[in-house]
Amino acid sequence: MGSAFINGTGSYLPEKVLTNRDLEMMVDTSDEWITTRTGIKERRICPAGKCSSDLGYEASLKAIENSSINVEDIEMIICATITPDMYFPSKGCMIQKKLGLNNIPSFDISAACSGFIYGLEIARNFVENKKYKNILVVAAECMSRLTDYTDRNTCVLLGDGAGAAVVSYTEKENTGILGSYISSSGKYGKLLYVPAGGSLLPASFETVEKRLHFMKMEGPALFKIAVQTMTESVLAILKDFNLKKEDISLIVPHQANLRIISSVSKNLGIPLEKFFINIEKYGNMSAACVPVALDEAAREGRIKQGDLIVTVAFGAGLTWGANLIRWEK
Ligand code: UT7
């Protein structure tokens, strides 16, 4: 039957850094509070005039360069995002144009922080079914554009960035993306959302005045569900593949809060050293967190040929899920 494997990864972070000290000047917070409650020290901000497809394009180029294929070999683009350049066209189409490609399917998926996990699973199905040989999965976010920099509950958490992976076909059996567990629960939607700007509450003077175009969040309630769903996702995938936790070399988690990752580690009985953590540098970049972490882990030598790794995330929707990957290039 063959397999879908990760042929290359790439990431791109805008240069501008927003530190905890900078935020101390903007809202009533402190470096000490942010560091101890979240693990975040700084995050990146996309400059005005640039947009998330620019970040996604740069990450895609790096992923393709890191793979065995050329740009023109890409047969489909799946873009995970909740911060598209605009309502439409899709960011998948924007990135297609920037890559100089044409006449291939390109689309966005909206699964918030779990978007890349969902994207890899969609790509796996197309590739394993031999419909397409090379699919670009890219996650790019400008969370700064949805952030209310007068709201200390959210503004300390978020950042901008992009990550990408080329998913390709190999004749080899049982390698690459072995499978995924994905799920969602719409009943929790209001725990994390942007009230205005959609068809329910289109932009008006009033929506802008009430700051309804910014992200609203119930932090403590989300925290608990995040720990529970990320733990369940890892356990579900281990069970599906009849694996023991010792079989996993590295877990690449969504980077929302270091305390969430620590609690998942404790629940699973898997030491924190087996989790790849870069939250201190970038904060929560929604769908981009997992592919940026995956790319850094691979480039830093934290993932070796043949390793079994798990990616895991949760996010608005609420959505959650995990991919099981045998790392063989
Ligand atoms: O990708 C999914 C996105 N979201 C998440 O994953 C968020 C999950 N939740 C969290 O990470 C945490 O709940 C937060 C980091 C958002 C908040 O941490 P917490 O430990 O749950 O704090 P809290 O909301 O219970 O607030 C504790 C205190 C409150 O003060 P009082 O009422 O005890 O006096 C807050 O007003 O901390 C205060 N606080 C802050 N203080 C300084 C909240 N935010 C800040 C801040 N700086 N930035």
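Since we're looking at a predicted model, the values are computed, not measured.

Caption draft 1: Molecular detail of the sheet that holds strand β8 (residues 176-184). Reading across the sheet, the four strands line up as β8-β13-β12-β11 and stay open at both edges, with mixed pairing between neighbours. The open sheet has two edge strands with one neighbour each: β8 and β11 (250-253). Shown here is a sheet whose adjacent strand axes are inclined to one another by a mean of 15°, direction ignored. In the sheet, β11 pairs with strand β12 (residues 308-315) via four bridges, with the strands oriented parallel. Within β12, the position partnered with valine 252 by the bridge is threonine 311.

Caption draft 2: Representation of the state of the cysteines within the structure. Counting across every chain of the model gives zero disulfides. The closest cysteine sulfur to the non-disulfide-bonded cysteine 79 is located on cysteine 93, 10.0 Å from its own sulfur. By relative accessible area, cysteine 79 is classed as buried at 0%.

Caption draft 3: View of helix α5 (residues 115-128). Here α5 spans 20 Å end to end across 14 residues, near enough to the 20 Å set by a 1.5 Å rise per residue. Burial of α5 is extensive: 11 of the 14 residues sit out of reach of the surface. Among the residues of α5, Gly115, Phe116, Ile117, Tyr118, Gly119, Leu120, Glu121, Ala123, Arg124, Val127 and Glu128 are the ones counted as buried. Two residues or fewer past α5, lysine 130 is found with a positive phi of approximately 60°.

Caption draft 4: The arrangement of the sheet that holds strand β4 (residues 76-80) in detail. The sheet built from five strands is open, its strands ordered β1-β7-β6-β4-β5 with mixed pairing. Edge positions in the sheet fall to β1 (3-12) and β5 (106-109), since each of these pairs with one other strand and no more. Geometrically, the sheet is characterised by an average inter-axis angle of 20° between neighbouring strands, direction not taken into account. Relative to strand β6 (residues 134-142), β4 runs parallel, the two sharing five bridges. Residue pairing in the sheet places isoleucine 77 in a bridge with leucine 136 of β6. Contacts between helix α11 (residues 289-299) and the sheet are confined to β1, β6 and β7 (160-170), with β1 contributing the most and set at about 95° to the helix.

Caption draft 5: Representation of the site of the ligand within the structure. Surveying the vicinity of the ligand reveals 22 residues, the closest of which are Thr29, Arg37, Asn257, Arg259 and Asn284. For the ligand, a nitrogen atom lies 3.0 Å from a polar atom in the backbone of glycine 219. Between the ligand and the protein, one listed contact pairs an oxygen atom with a side-chain N or O atom of asparagine 257 at 2.8 Å. For the ligand, the protein covers 71% of the area, taking 940 Å² as the surface of the free molecule. At the level of elements, α2 (31-38), α6 (152-155), α8 (219-240) and α9 (258-268) are the ones that each hand at least two residues to the shell around the ligand. With four residues, the top contributor of residues to the shell around the ligand is α8. A per-class count over the shell around the ligand returns 11 nonpolar, seven polar and four charged. Two domains share the shell around the ligand, each providing at least three of its residues, namely domain 1 (3-173) and domain 2 (177-326).

Caption draft 6: Broad picture of the packing of helix α3 (residues 52-65) against helix α4 (residues 91-98). Interaxial distance between α3 and α4 falls to 9 Å at its minimum, and their mutual angle equals 55°. When the interaxial angle is binned, α3 and α4 end up oblique. Considering how the two elements wind past one another, α3 and α4 form a crossing that is right-handed. Contacts between α3 and α4 involve Ser52, Ser53, Asp54, Gly56, Tyr57 and Ser60 from the former and Lys91, Met94, Ile95 and Lys98 from the latter.

Caption draft 7: Seen up close, α4. Every buried residue belonging to α4 is among Lys91, Gly92, Met94, Ile95 and Gln96, and all of these are buried. One or two steps after α4, the chain reaches glycine 100, where phi turns positive at roughly 75°.

Caption draft 8: A look at the domain arrangement of the chain. The domain boundaries assigned to the chain delineate domain 1 (3-173) and domain 2 (177-326). One C-alpha centre belongs to domain 1, the other to domain 2; they are set 14 Å apart. Facing the 52 residues of domain 1 at the interface are 50 residues of domain 2. Summing both partners gives a buried area of about 3,900 Å² for domain 1 against domain 2, and 61% of it is carried by carbon and sulfur. Taken as a group, Cys113, Ile117 and Tyr118 account for 17% of the area that domain 1 buries against domain 2, more than any other trio of residues on that side.

Caption draft 9: Here's a closer look at unusual backbone geometry. Here the bond from phenylalanine 88 into proline 89 is cis, since omega is 0°, no more than 30 degrees from zero. Structurally, proline 89 can be placed in the loop between β4 and α4. Put simply, glycine 317 and leucine 318 share a cis peptide bond, and its omega is -10°. Within the secondary structure layout, leucine 318 lies in the loop between β12 and β13 (319-326). With a phi angle near 60°, asparagine 103 is a residue other than glycine that sits in the positive phi range. On the secondary structure map, asparagine 103 appears in the loop between α4 and β5.

Calculation notes
Residues numbered from 1 in each chain as written. Predicted model: local features only at pLDDT ≥ 70, side-chain atom pairs only at ≥ 80, totals over all residues. Heavy atoms only, no water. Pairing = 2+ DSSP bridges. Helix = DSSP H or I, 4+ residues; strand = E, 2+ residues; numbered from the N terminus. Axes fitted to C-alpha atoms, helices over the stretch in contact; angles between N-to-C directions. Disulfide = S-S within 2.5 Å. Buried < 20%, exposed > 50% of the residue type's maximum accessible area, 1.4 Å probe, protein only. Expected span 1.5 Å × (residues − 1). Contact = heavy atoms within 4.5 Å. Near = heavy atom within 4 Å. Polar contact = N/O pair within 3.5 Å; in protein donor to acceptor, adjacent residues only side chain to side chain. Areas by Shrake-Rupley, 256 points an atom, 1.4 Å probe, with all protein chains shown as cover. Nonpolar A, V, L, I, M, F, W, Y, C, P; charged D, E, K, R; others polar. Domains from an automatic or database assignment. Parallel < 35°, antiparallel > 145°, perpendicular 65-115°, else oblique. Left-handed = near helix turned anticlockwise from the far one by under 90°. Buried area = accessible area lost by both parts, 1.4 Å probe.

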